[in-house]
Each structure stands twice: as C-alpha cells, then as structure tokens.
Amino acid sequence: MKKKKIWLSTILVVALVISIIGHSNSLKAVSSLGKDTLTMITSPDYPPYEFYDTKGGDRQIVGFDIDIAKTLAQKLGFKLQIMESDFNGLIPALQANRADFVMAGMTPTPERQKNIDFSIIYYEAKDTIVAPKGSNLKQPQDLLGKKVGVQLGTIQEQNAQKIAKKFAGIQLKQLNRVPEVVQEIKSGRIDAAIIEDTVAKGFAQANPDLEFNTIPSEEASGSAIAFPKGSSLVEPFNKVLQQMKNDGTLNKLVAKWFSQNTAEPALSTPAKGGLNLDFTRILPDIPFILRGIPLTLLFTLLSVSLGLIWGTILSLLKIIGIKPLTWVANAYTSVFRGTPLLLQLALVYYATPQLTGYDISALQAGVLTFTLNSGAYMSETIRGGIQAVDKGQSEAAMSMGVPYWLMMWDVILPQALKNILPALVNETIGLLKDSALVSTIGVVEILRSAQIVGANKYIYFEPLLFAGLIYYVLVMGMTLGASALERRLRESE
Ligand code: ARG
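Residues numbered from 1 in each chain as written. Predicted model: local features only at pLDDT ≥ 70, side-chain atom pairs only at ≥ 80, totals over all residues. Heavy atoms only, no water.

Draft legend 1. Up close: the side chain of Glu50. Counting through the fold element by element, Glu50 comes out in strand β3 (residues 50-53). Residues in contact with Glu50, not counting those within four places in the same chain, are Thr42, Ser43, Pro44, Asp45, Ile61, Val62, Gly63, Asp65, Ile66, Met103, Ala104 and Gly105. (Helix = DSSP H or I, 4+ residues; strand = E, 2+ residues; numbered from the N terminus. Contact = heavy atoms within 4.5 Å.)

Written out as structure tokens, the structure is:
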C-alpha cells in the first residue's frame, strides 16, 4: 500500500505543478487585444536601453526602453509582462506571436519591415568603432586586416558585412550578446567592435582602457518599437509615443538614462600567466544566482516524475507481447536515444508554435522534452527491472486468478521500482545537470543566472564556478537522500 501512496503523491505533485506552470503561462499566451496584459520581449544586454539589475538578487530588467514600455502600457491601460531572448531571437518571437511587441533599441530596416511592423522612431543612434585605447580606429577602412566583433542579427552585423565586402581582409566575429563583444576586445581576441554610440559610450566609461569613435559617414539610425505584422497596437502606441515626445516625458527619460553610467566595468585582462580571481566581485549577485535553484529543482522533479510515468507505460508496451505496440515503443526509444537532447529541446520549443499554433512556454517545452527523453531511457531500465522480478511471482499471482494489470500494478511494478532505484537516482542526477540546457531557450535557471551576472560584470570564471558549486551541492544532497531512502526500503523488507 505504501507504494501506492508514493505513486499517488507523485501524481498529485505533478498535477499541482503543471497547473502552476499552466497558469503562469496563460498570462503569457494572450496574443490579441481584449486582454489586460501586454507581453514585451527584449534582449537585456544593452545598457542603458535594457539590462539586468542584479544587485541585491533582483531579477529585474531595467532601462530606457523598459521605462518607455511601462509608460506606454500604463497610458493604454495594460499591465506589462517582460520576457527575454538574445537579440537574434526577437523577430522570430514576434513572428510566432510569442510577444505583443519588442523594445530592444531595434532599428527599422526594409528587410525587417517585410516581416514585422514598426512604430515611429523614439531615439536616434549612430554606429561607432570600439577598440582598446590608442588603437585610433576612426573609419571603416581603418578596420582593414582586423578582427571585428558584432552582435548577431543586428544592423551592426549587416554594416560590418558591407564594410568587409568593400575592404578585403576584415574578419568578422558574431556574438550573441553585446557584453560578450566587449569582453572579447578586452581579452584581445578581437581588435575592434561596431557598437551603437550610446551603448559604446557607457562601456567605454566603465572601461577606461577602451575608446570609441563615431563612424563619420554613418547617417543616424533610430530605435523603434516592433510588432507582429498587422498588429492593431501600432496606432495606439504611435499616438502615445508622439504625446510623450511632445510633453517632454521622453526627454526626461533620455536625461535619466543617458546621463548616468549604467554599464559595469570589465575586469582588465591579467598579465599573461597571472591569475585574476576575485569572488568578492560577485558577492552582491549571489542571491540572484541562488534564485535559480527553485526553478532547477522544480524542473527536475517534474521531468523525473512525468518521465517515470511515461517510461513505465513504454516499458509495459514493450513487454506486453502485442507486436505493433512493442514495435512502436522500441522505435520511439531508439529515436529519443539516438538524437541529441539539445536538438530535441530546440525542436519542441521552436516547432510547437509553428506546428500547432500553441505558444509553448520555455519551461513547458523543457519539461515536455525532458519527459519524452527520459521516458525513453527509463523505459529500458524499468523493462529490465520488471523482467528481473522472479517469474514465479507472476505465475503464482496468475494461478490465483489475479488479473494481469492488477498483478503488474500490485506485485511486479513495486518490486521492479525498488530494484531499479539506484538507476532512477542516476537518471535524476543526470536530469538535474542537463536542466542547464534549458538556459539555451531563455529559462533563467542556475546556469543562465550565472551567465547574466558574468555578462554584466565581464567575469566568467567566478559566477560559473559558483554555479558549478551549486549543482554539485544539489547532486550531493540528492545522492545522500537517495541512499537513506534505499536503506529504509531494505530495512522494511
Ligand atoms: N539598433 C541595432 C539593431 O536594430 C542594435 C540593437 C541591439 N539591441 C540589443 N538589445 N542588443 O540591429
């Protein structure tokens, strides 16, 4: 009976958590007007437009764009919800109707306008060349023979490509986030980067060993709000934006964000062979990283429980002796074991909206993928566990007239589960560590939190090492808990 309780409570926990996730997602899934919350998506790597303020553990995205978005939403009577992605994922997010609008210092271009709509321009910017002090790189032709960094998917990337076409010998390096670009200059892996003036200015102020020069021929390019094609929000947004321009609200925000320095200083590269480690620099950000733990645990718990249920079903299909079912279950297992988990994750996350129209949240996509994947692995373990249970037992049960399913449920499965407990613990540990993969689709769990801190401060070793420590402690705790459980099960035998 005890085992039944375990099963029952597992199912209860799963149901509860699914409903929680489902609820939080229903806030996000709204995509047409006639709702009270607008969802904005941004790429928070762009101080002072949008960046993470990690001090004191706050998981807050702040900045010029965020203040404008808040004002707009408030004036139009909406609540605002903010999601994040790397810059190159913003337009796809709009196309998949994952968000109502983008504010990310995004410049309207004819190519982009083919796929999305833009508001009027709310701020102007020019490109600059950022480089180590004294490099004196002032115009495109100065970049000849240099390695130049740009953010992937931006007009800076396009511009750099144009320059590279014109002047041979320029080597481009595309990176996902702007702080990474800056860090690459500082560590000498690239010679220069093309970055917008206001952003470059902040980084140069925070890093006195960098300089920036505005590219002279450049005409100004502006930032505008982006919407899914045909969005009915464009007009009301334009109206309020124009009002904000006229009544000085916008200028006030410009003064607020563009006069202070919001970029964090980067660590200078240590002398060759020197060690440059300083954990005190991440002290204020430790609560921020720690807040990734509940999400990681929730994720693991859910995937393991659901995976166990799914794995059990699959294993039964494999041994029940009905050929087509066995065949399907085997094929399923071989596909899920035969392809990379990371690929499955990306497929589920990006393809679900396209195929089904359902806007699956990153967390849901993660749980679904990990359940499908670990179900495949667990089905094999459970199958082995079932087959290892003494044949005599099932024969005895059958001869007493106990129906097959009842016998499975009451006699065989509980014993099989007990036998495979160590293997299940292994699977759980594996899932806990693999949960770091969901950082790639924007879930801010432990690893992603550490990367955000690293990107803000240009230090990678300390936050990553700290994240490693957290994972290790979690796995250790789990291992200890599991061996205690196993001991108790043995004693109760
Ligand atoms: N204005 C440029 C563009 O539209 C760069 C914007 C980058 N924004 C960001 N949040 N990283 O391509």
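Draft legend 2. Expanded view of the sheet that holds strand β2 (residues 45-46). Sheet architecture is open: three strands sit in the order β2-β3-β4, paired in antiparallel fashion. At either margin of the open sheet sits one strand with a lone partner, and together these are β2 and β4 (60-62). Two strands pair when backbone bridges link them, and β2 and β3 are joined in this way by two bridges, in the antiparallel orientation. From the neighbouring strand, Asp45 faces β3, where its bridge partner is Phe51. (Pairing = 2+ DSSP bridges.)

Draft legend 3. Focus on the environment of Leu431. Along the chain, Leu431 turns up in helix α17 (residues 421-434). Along the sequence, Leu431 and Leu297 sit 134 residues apart, while their C-alpha atoms lie 10.0 Å from each other. Discounting residues that sit within four places of it in the chain, Leu431 has contacts with Thr300, Ser303, Val304, Phe370 and Ser374.

Draft legend 4. The site of the ligand, seen in detail. Near the ligand there are 15 residues, and of these Gly105, Thr107, Arg112, Ile155 and Glu196 occur at the shortest range. The contact in question runs from a nitrogen atom of the ligand to an N or O atom on the backbone of Ser43, over 3.1 Å. Measuring from a nitrogen atom of the ligand, one finds a side-chain N or O atom of Gln151 at 2.9 Å. In the complex, the protein chains occlude 100% of the 350 Å² of accessible area that the ligand would expose alone. Contributions of two or more residues to the shell around the ligand are made by β2 and α5 (155-166). (Near = heavy atom within 4 Å. Polar contact = N/O pair within 3.5 Å; in protein donor to acceptor, adjacent residues only side chain to side chain. Areas by Shrake-Rupley, 256 points an atom, 1.4 Å probe, with all protein chains shown as cover.)

Draft legend 5. Up close: the packing of helix α2 (residues 64-75) against helix α9 (residues 249-258). Where α2 contacts α9, the two axes come as close as 9 Å, and the packing angle between them is 150°. Between α2 and α9, the angle falls in the class roughly antiparallel. Along this stretch, α2 crosses α9, giving a crossing that reads as right-handed. Here α2 contributes Phe64, Asp67, Ile68 and Thr71 to the contact with α9, which in turn contributes Leu250, Leu253, Val254, Lys256, Trp257 and Phe258. Among the residues making up the contact of α2 with α9, the classes are represented as seven nonpolar, one polar and two charged. (Axes fitted to C-alpha atoms, helices over the stretch in contact; angles between N-to-C directions. Parallel < 35°, antiparallel > 145°, perpendicular 65-115°, else oblique. Left-handed = near helix turned anticlockwise from the far one by under 90°. Nonpolar A, V, L, I, M, F, W, Y, C, P; charged D, E, K, R; others polar.)

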